[in-house]
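Analysis of the macromolecular model
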Amino acid sequence: MSDPAKTRRHAERIRELVASLVREIKDPRLGMVTITDARITGDLREATVFYTVLGDVTEQSSTAAALESAKGMLRSRVGHALGLRHSPSLAFVLDNVLDNVKEIDDLLAQARHRDQEVQRLAAGKKYAGDPDPYKSDEDEDEDERVGAREDQG
């Protein structure tokens, strides 16, 4: 096991290396790919590389095939650049950033709609009870004066 800081540095270095090496791949199936993240196990043997592809499902599947076929070259170049005894095996995972963005946008739109509905329902309404429901020092002084008058009366 290596320390977490070393693991993070290696993961960041793998992300940078794979991003630069992807540009050298001459496979026509490779689309507009962006390497978004990389993670590596504590023993530095297995690395997961996350990527996103600009395009539709066919672009994504053809890019996945191109990355899978270039995996051996990428693994050897990454291992050599890192200077590790064993080159980490690479696994590529599609990172659907655009799907996540759409889901977050939909949730924000729902929240805005609910806020507008609450504001519409609250328009012109008043709070039940006193405007200031908390006792203050003035209230206690007034209660004492009223009690003193009742005792005299």
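Relevant structure appears above.
First, a word on scope: everything that follows refers to the structure included in this document. All of these numbers come straight from a predicted model, not from anything done at the bench. One numbering rule holds for all chains: residues counted from 1, following each sequence as written. Predicted model: local features are reported for residues with pLDDT of at least 70 only, side-chain atom pairs are reported and counted for 80 or more only, and whole-chain, interface and lining totals are derived from all residues. Neither water nor hydrogens contribute to the side-chain values; these are computed over all heavy atoms in the structure.

Moving on: the sheet that holds strand β2 (residues 46-54). At least two DSSP bridges between two strands are required for those strands to pair. Starting at the N terminus, helices and strands are each numbered in turn, a helix being any DSSP run of H or I of at least four residues and a strand any DSSP run of E of at least two. Within the open sheet, the 3 strands sit side by side as β1-β2-β3. Their pairing is mixed. The open sheet has two free edges, formed respectively by β1 (32-40) and β3 (89-94), since each of these has just one partner strand. Mean inter-strand twist for the sheet, computed between neighbouring axes without regard to direction, equals 30°. Residue contacts are defined here by distance: any two heavy atoms, one from each residue, within 4.5 Å place the two residues in contact. Only C-alpha atoms enter the line fits that serve as axes; for helices the fit covers just the stretch in contact. Angles between N-to-C directions range over 0 to 180 degrees. Across the sheet, helix α2 (residues 57-69) touches β1, β2 and β3, and the angle it forms with β2 is around 145°.

Moving on to the pairing of β2. As paired elements, β1 and β2 share 8 bridges and run antiparallel to each other. Residue pairing across strands places R39 opposite T48, the latter belonging to β2. The loop that links β1 with its antiparallel partner β2 comprises 5 residues; one of these, L44, has a positive phi angle of about 60°. Summarising the sheet, β2 and β3 pair through 6 bridges and their orientation is parallel. Counted as the bridge partner of Y51 is L94 from β3.

Moving on to the pattern of salt bridges. Counted as salt bridges are all cases of a side-chain nitrogen of Lys or Arg within 4 Å of a carboxyl oxygen of Asp or Glu. In the structure shown here, the tally under the stated rule is 8 salt bridges. The partner of D37 in a salt bridge is R39, and the shortest N-O contact between them spans 3.5 Å. R120 serves as the salt-bridge partner of E117, at 2.5 Å between the closest nitrogen and oxygen. Taken together, the residues E117 and R120, both in helix α4 (residues 97-122) and 3 residues apart, mark about one turn of the helix. Partly exposed residues are those whose accessible area sits between 20% and 50% of the maximum for their type, while under 20% is buried and over 50% is exposed, using a 1.4 Å probe and protein chains only. For E117, a relative accessible area of 32% puts it in the partly exposed group.

With that settled, the discussion passes to the nonpolar core. Ranked by size, the top nonpolar core spans 25 residues in total, and within it I14, V18, V22 and F92 carry the most contacts. Sorting the residues of this core by element identifies α1 (4-22), β1, β2, α2, α3 (71-82) and β3 as the ones contributing at least two each. For this core, the element with the most residues is α1, which contributes 6 residues. If near-sequence neighbours (up to four positions away) are discounted, F92 is found in contact with V18, V49, Y51, L67, K71 and L74. Residue types Ala, Val, Leu, Ile, Met, Phe, Trp, Tyr and Cys, when buried and joined through side-chain atoms within 4.5 Å, form a set referred to as a nonpolar core.

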